[in-house]
Structure formats: C-alpha cells, structure tokens
Amino acid sequence: MNKYETKGARSAFRLALRELGYFFKGAAMNIFSLEFLMVLIPLLGLWELLPRMGVVPRTLVPPPSDVAVAAWDMFTKHNFLKDIGDSMLKFFMGLGIAVITAIPIGVLMGWNIAMRKRALPLFQLLAPIPPPAWVPITIIFFGIGLPMQTFLIFIGAFYPILFNTYQAVKDTEPRYLASARVFGASELALILHVYFWHALGAIIMSVKTGVAMGLVMLVIAEMYGGRTGIGYVLVEAKDYFQISKMVVCMVTLGVIGWFLIEALKFIELKLAVWKVGR
Amino acid sequence: MIEARNITKFFSIVNEDRTADGITAVLSVSLTIEDGKIVSLLGPSGCGKSTFLEILGGLQAPTEGSVYIDGAQVLEPLPSTRKEMDEYRRKYRLLSPLANGLIKNRPKHDIAMIFQDYAVFPWMTVLQNVKFTLKLRGIPRREREPVAMTYLRKIGLADSLNKYPSQLSGGMRQRLALARALAVQPRIILMDEPFAAVDALTRERLQDDLLRLWYETGITIVLVTHDTDEALYLSDEIVVFSPNPGAIRNRFAIDCARPRRRSDPELLALKERITSLFKYDINHESEYSI
C-alpha cells in the first residue's frame, strides 16, 4: 500500500514537472523565437548605441548595459528580490480575493434574474469609480500597509472579472440548458455543469484583464503607501534620479505581467481543453 | 400516450417603433400520439413545430390548452395574476422541467430531447456526456459507467470515449446525442431536426440507426423535421404543419411495412401529395403579398 502511494505521488510529481516543463518551453518559445530575436536584438543594439554616441543624453536614457549593472546592484546589494516577493504577495492576495468573490457573484447574477435585479445596479454604480480614486479613503480606512494595498489591488481586479463572468453566464445558450433540464437537472447542477463551463473561456479572459488592472493598482498602492515593493523602489529611484533603477523596476513589472498572462493561457489550455479542437 | 389538447402559443413582442405586437406560433393544435409510434411533425421553418415540441416536453408553457402524458398534465397555461402565479409555481414545481429543484435533480416524465445543434455539451468528453445525464436521472455513481458503455457500444462510439464533441464528426455527435438520450431509458424521445446538420449519406445511416434502436426499445418518438424523405422513411404518421399561424394542415398515416425502401412507389406517391401541399402554401403567400 505504502509503496503504491509513494509511486503515485512520485508519478504525480513527475507529471507536474513535465507540465511545468511544457509551460516554460511554450512561454520561452514566444520570446526567443528566431523571428522575434531578429527584431529584439537590433532594438537593443539601437538602445545601447544611441546614448553612447550622444544622440540622446545618456543621463536621461541609460543604455541597457547601465541598466544591467543597476539590476545586478539591486539584486545583490539592495535585496530587490525581497521587494518583488512583497509585491507578489500583495498582488496575489488582492487578485485571489477578487477571483473568489467576483466569480461566484457573477455566476449568481448571470443565473438568476431576481438576483441580477437586486445586485447589478449597485455594481454598475460603483464600477465606474476609477480604482485610483479609492486610494485616499482606503488609506484612511486601513492605514498604510498590506491590507490597504491588498484592497486596492482587489478593487482593480474585481469589476472586470465580475462583469465578464456575469455576461458570459447570462449568455449561456438556452438549448444547452433545455437539454439538461429535460433530464431533470436542478439549478445547482445547471450552475456547476452547464453555466460555469459555458462561461469558462470568458472567465479566464476576464482574469487576464484582472491581472492587468491588478498590476496597475499594485504600483499605485505601493507608490502611495508602503516601505517595500517594486512600486516603492520605483518612487524612491525617482527621488534620487536613478533612471536605470527605474528602468529595472519597469522591466520587472513587464516581465511579471507577461509571465502571469502566459500562465493563465496555460491554465486555459488545460481547463478548456475541449475548445482547442475547434 | 401523449395527448395535446387545443394548444395555442402566443408570443408578445415589441416592434421597432415600440408598438406592441404578437406572433401566434401555434394555434389550437390537438394531437394524440400512441405509445411506441414514430410521429413526424413536418413543415417549413417557422411554422411552430419546434415550439409545439418544446411544449410537449414541458420546456415552454402553452398560452392555452394542455398536454397530458399518460394522463398527467405537463404544464398548464401561465396564469395572469401574481397570486395565481404563486400557486402555479407551487403546483408545477414537481412537474415541469422549467421548475426543477434548486439543489436536487428531479427527473419527471420519462422524456429525453435531442436538438439539432447544441445537442451535447462540448466541455464534456463522450463518456462524461452520457454519465452526466445518468447522474441527472439519479443513477448511482457506480452503475453509471457500465450503463453508459452499453449504450455507447450499441451506437458505435466505444472507441472514442475520451474525445470531446469538437473532435467528432457531425454524424458522430448526433449519435452521441442519441446514446445520451437512450441511456436514461426514456419512454418518449422528442427530436428537434436531429439530423438536419449532417450530410445526406450520414443522415441515412443515422436514420437506420434510429430505427434499429427503436425496434429494440419500442419507445415513442416525436420527430420535428423539414425533410419529407426523412419523415416518410421513418414515421408511422406524418403531421403536416402550416405556418402563420402554426396549425395542423393534414395528417397522413403510413401503413407501409418496415424495413422500407426509400424508393417505394407508395411512399413516393405520398411524397407527391405532401409536397403539393407546400407548393400551395408558396403560391398562396405570393398572391397574398401582391
């Protein structure tokens, strides 16, 4: 028995490792394809040469070599990895709360007209408030720190996920519902096996939007309050006029966003495998 | 036995200029369908035959009239006042598929339904699709797979259990829909143009499959179609619908023995009569519009 269990665990681990391998290979292939490298390398070369030749002032546009040096400095001397970790913690807490609240509410609103009529107007009134407008009141409410930053990221990611989920669930093809109903499906079975899966593609799409909005709010939240995080380092670098440090922060944010979108694409591929054949 | 008495279905709509308007989809249709028969509802598109089929299945409430399946009423017309509506809901909570339970699956009449498109769930594999309907019918988890396998084998899908419907051909997909409907062992299958989306050769094979399964099980089949040949080949009775408003124009009993030949002179003669009915429709309409 024990033997089988370890074997099962090992093979599951191996499977996970293989999937992870596929994921990184797929993601890397997008960037390091020959076609894109043909564009990327000349661009980097241009970026390196123009400031060095004095076409643009080097103090304002640091060449990639300067940026690389600054990055090395930040990672080895200033523990930039910890800033990234802090930012990611806030980000995933905010996004996670948004996902686990927005999807159920969206599904319920799409499923039942009575619930929609009661809940939707509230969200429609609150959603147009630009997320950064929440910053002052959030600071007063939560003070400066993790809860406030988490809440701001949550606010950024919540509405796109909510509205897209609701819309996709509402637009479920009535014939799928009818064909399940004829067999006696309860509303719960319809939600779990029909509505949700029909909307899954749109839900994952909306989480992608949520990731983008969440990153925006992450930077805003860290700029306004906090002692750590990528956004904080960014503002700090501005105060000391360290442009290469700012570029490092921006590139880091870009890479994180790209990575998360790739991860979601991979999840979509795994969950909505039935869509691939189309 | 399915008994429809004076079924009328009226849809109210709002025109572009915001005036109220309505469509009478079905007008005063009475029809009795004996057990174990194949009955085709034939007519051009938009003649209310699909609506009528959904009323038979309890997916829509008629505006007037009532449907009885073995003496039990399916859905009576919706009431007009709110108080009556509450009572209506309470009464039909246990009867109509429209008012199924919130948490618990409640199979009602022994009806299965097959649609032209959207017949099977694309997010489930072949096996999952069949097992899902068995689950809805309250069959215990352990028995689902063997039962599903029996019917999938019967219909020739045992090799593609783990495929998704998008990986199947159109004909295979309809076959899966058929297996899914049969697996719950219904007494009545309602079909809404089940073979309209597949090519002619596949359609003929599907029709033969359907007949074979019908011999084996002896279920009642109500088939909506706009294909006269299909109706002639399959059915014991053809009910011809005419549009605007949807009503029964004519009924033809077919006594021709099975297995039938598609080129049977008797069937061809009948086909002539049926198509002439439609011709009259078209002439009538063009005269009217001039």
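Structure: see above.
Note that the coordinates shown come from a computational prediction; the quantities given were computed from them, not determined experimentally. (Residues numbered from 1 in each chain as written. Chains lettered and ligands numbered in written order. Predicted model: local features only at pLDDT ≥ 70, side-chain atom pairs only at ≥ 80, totals over all residues. Heavy atoms only, no water.)

1. Considerations on the side chain of Glu193 of chain B
By the element assignment, Glu193 of chain B lies in the loop between β7 (188-192) and α6 (200-217). If near-sequence neighbours (up to four positions away) are discounted, Glu193 of chain B is found in contact with Lys49, Gln116, Val224, Thr225 and His226 of chain B. (Helix = DSSP H or I, 4+ residues; strand = E, 2+ residues; numbered from the N terminus. Contact = heavy atoms within 4.5 Å.)

2. Re the interface of chain A and chain B
Counting residues at the interface gives 24 residues for chain A, matched by 33 residues for chain B. Roughly 2,700 Å² of surface becomes buried between chain A and chain B when both sides are summed, with 67% attributable to carbon and sulfur atoms. When the area that chain A buries against chain B is broken down by residue, the three leading residues are Arg175, Val182 and Phe183 of chain A, summing to 30%. Remark: the boundary between chain A and chain B carries 1 salt bridge. Where Arg175 of chain A meets Asp192 of chain B, a salt bridge forms, and the shortest distance between an N and an O atom there is 3.7 Å. Where chain A packs against chain B, one counts 4 residue pairs in polar contact (both at pLDDT 80 or more). (Buried area = accessible area lost by both parts, 1.4 Å probe. Salt bridge = Lys/Arg side-chain N within 4 Å of Asp/Glu carboxyl O. Polar contact = N/O pair within 3.5 Å; in protein donor to acceptor, adjacent residues only side chain to side chain.)

3. Looking at the packing of helix α3 (residues 126-136) of chain B against helix α5 (residues 170-183) of chain B
All names here are of chain B. It is the contact of α3 with α5, at a shortest axis distance of 8 Å, that shows an interaxial angle of 30 degrees. Classed by the angle they form, the pair α3 and α5 counts as roughly parallel. Considering the relative orientation of α3 and α5, their crossing is right-handed. Here α3 contributes Val126, Asn129, Val130, Thr133 and Leu134 to the contact with α5, which in turn contributes Leu176, Arg180 and Ala183. In terms of residue class, the contact of α3 with α5 is built from 5 nonpolar, 2 polar and 1 charged. (Axes fitted to C-alpha atoms, helices over the stretch in contact; angles between N-to-C directions. Parallel < 35°, antiparallel > 145°, perpendicular 65-115°, else oblique. Left-handed = near helix turned anticlockwise from the far one by under 90°. Nonpolar A, V, L, I, M, F, W, Y, C, P; charged D, E, K, R; others polar.)

Note that all results are geometric; they support no functional claim without further evidence.
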